[in-house]
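Coordinate inspection notes
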Amino acid sequence: MTSDFHETLHSLRVWDTPLPRFDAEAAPDEPLPLFRDWFVGAARAGQPEPHTMSLATVDADGRPDVRTLMLHEADDRGWHFASHVTSAKGVQLAAHPEAALGFYWPLVGRQVRVRGRVTACGPEESRADLAVRSRGALAAALTGRQSEVLDSTAELARVSAEAWERAGTDPDAPAPTWTRYVLAPAEVEFFQGDAARRHTRLRYRRAADGTGWVRELLWP
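Treat the numbers as computed from the prediction; the structure is a model and nothing was measured.

1. A look at a nonpolar patch on the surface
- Together, Phe 5, Leu 9 and Leu 12 line one region of the surface with nonpolar side chains, adding up to about 310 Å² of accessible area.
- Looking at the secondary structure, you find Leu 12 in the loop between α1 (2–11) and α2 (31–44).
- The class of Leu 12 is exposed, set by a relative accessible area of 54%.

2. Re the side chain of Gln 92
- Here Gln 92 lies in helix α3 (residues 88–95).
- The class for Gln 92 is buried, based on a relative accessible area of 8%.
- Within the structure, Gln 92 has its side chain in polar contact with the side chain of Arg 67 (distance 3.3 Å).
- Once residues lying within four places of it in the same chain are set aside, the contact partners of Gln 92 are Thr 57, Val 58, Asp 59, Asp 65 and Arg 67.

3. Looking at the packing of aromatic side chains
- Scanning the entire structure with this criterion turns up 12 aromatic pairs.
- On the basis of an interplanar angle of 85 degrees and a centroid distance of 5.2 Å, the ring pair of Trp 38 and Phe 190 is categorised as edge-to-face. In this pair, Trp 38 is assigned in helix α2 and Phe 190 in strand β7 (residues 178–192), connecting sequence segments 152 residues apart.
- Here Trp 38 falls in the buried class, since its relative accessible area comes to 1%.
- By relative accessible area, Phe 190 is classed as buried at 0%.
- Consider the rings of Phe 81 and Tyr 181, whose centres lie 5.5 Å apart with planes at 20 degrees: the pair is stacked.

4. Re the nonpolar core
- In terms of nonpolar packing, the biggest core is built from 31 residues, with Phe 35, Trp 79, Phe 103, Val 112 and Phe 190 touching the most fellow members.
- Every element with two or more residues in this core is listed here: α2, β1 (52–58), β4 (78–84), β5 (98–105), β6 (110–120), β7 and β8 (200–206).
- Here the element with the most residues in this core is α2; it accounts for five residues.
- The contact partners of Phe 103, leaving out residues within four places of it in the chain, are Phe 35, Pro 50, His 51, Thr 52, Met 53, Leu 71, Trp 79, Arg 110, Gln 111 and Val 112.
- Among the nonpolar cores identified, the runner-up in size contains 10 residues, and Ala 82, Ala 137, Ala 139 and Ala 167 belong to it.

5. Considering the pattern of salt bridges
- Tallied over the full model, the rule gives 13 salt bridges.
- Residue Glu 189 pairs with Arg 201 through a salt bridge whose shortest N-O separation is 2.6 Å. Taken as a pair, Glu 189 in strand β7 and Arg 201 in strand β8 lie far apart in primary sequence, 12 residues in all.
- Connected through salt bridges with shared partners, the residues Arg 113, Glu 189 and Arg 201 form a single ionic network.

6. Focus on unusual backbone geometry
- Backbone geometry at Glu 49 places phi at a positive 45 degrees, although glycine is not the residue there.
- With respect to the helices and strands, Glu 49 occurs in the loop between α2 and β1.
- Of note, the phi angle at Ser 147 is positive, near 80 degrees, even though the residue is not glycine.
- Mapped onto the fold, Ser 147 is located in the loop between α5 (135–143) and α6 (153–169).

7. A look at the pairing of β7
- For β7, the buried fraction is high: 12 of the 15 residues fall into the buried class.
- As paired elements, β4 and β7 share six bridges and run antiparallel to each other. Looking at the pairing, His 80 lines up with Val 182 of β7.
- Judged from the 11 bridges that link them, β6 and β7 form a sheet pairing that is antiparallel. Its bridge partner lying in β7, Arg 110 is registered against Gln 192.
- In terms of strand pairing, β7 meets β8 through six bridges, oriented antiparallel. By the bridge assignment, Phe 190 is partnered in β8 with Leu 202.

Calculation rules
Residues numbered from 1 in each chain as written. Predicted model: local features only at pLDDT ≥ 70, side-chain atom pairs only at ≥ 80, totals over all residues. Heavy atoms only, no water. Patch = residues over 30% accessible without salt bridge, like charges linked within 9 Å, V, L, I, M, F, W, Y side chains within 5 Å. Areas by Shrake-Rupley, 256 points an atom, 1.4 Å probe, with all protein chains shown as cover. Salt bridge = Lys/Arg side-chain N within 4 Å of Asp/Glu carboxyl O. Helix = DSSP H or I, 4+ residues; strand = E, 2+ residues; numbered from the N terminus. Buried < 20%, exposed > 50% of the residue type's maximum accessible area, 1.4 Å probe, protein only. Polar contact = N/O pair within 3.5 Å; in protein donor to acceptor, adjacent residues only side chain to side chain. Contact = heavy atoms within 4.5 Å. Phe/Tyr/Trp six-rings, centres within 6.5 Å; stacked < 30°, edge-to-face > 60°. Core = buried A, V, L, I, M, F, W, Y, C linked by side-chain atoms within 4.5 Å. Pairing = 2+ DSSP bridges.

Encoded structure:
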């Protein structure tokens, strides 16, 4: 199996298909319009689940932690996501409310990286986050206990079945630990891959006075 792994790993190639061009000089003054444009472009190119992203936080010992979750919104406030305030990420964000997001859309050879401070939304907005999502999302929120040690898969099946039933009969059921978060960007980097490895990297950085953005190209 080890030889299969190495043979497979070293046989893989990236970006064997034509990639879109990115004219950094023509990019907008702020990162949000460009992100939205790239997001729509990735979805229309057939990129599966372009709204999935990596969220990186740090724990109480300063050790990095990362996981994949879904983007719920990107607006003038920042990039939105949700989780339980009692989960590992929720506990980490409460103690260290700085985080980073990473999007990768291989079909178009593009990445977006976002760094900034995270704020927890209030209970009304957090509950509204569930109201527009599926029954399964509500059931998962009602199940709760995310990141806790699970005694058995049988226990998960029982609690999950109860949550699914409640989500169906009471779509307005409270989920008090469910929390919507907003990451207000301090830096946003756009990466356009190039088959010749002449990648284009454009970084937006908040100006020192907190108003406007500084744009700068980075070496690949």
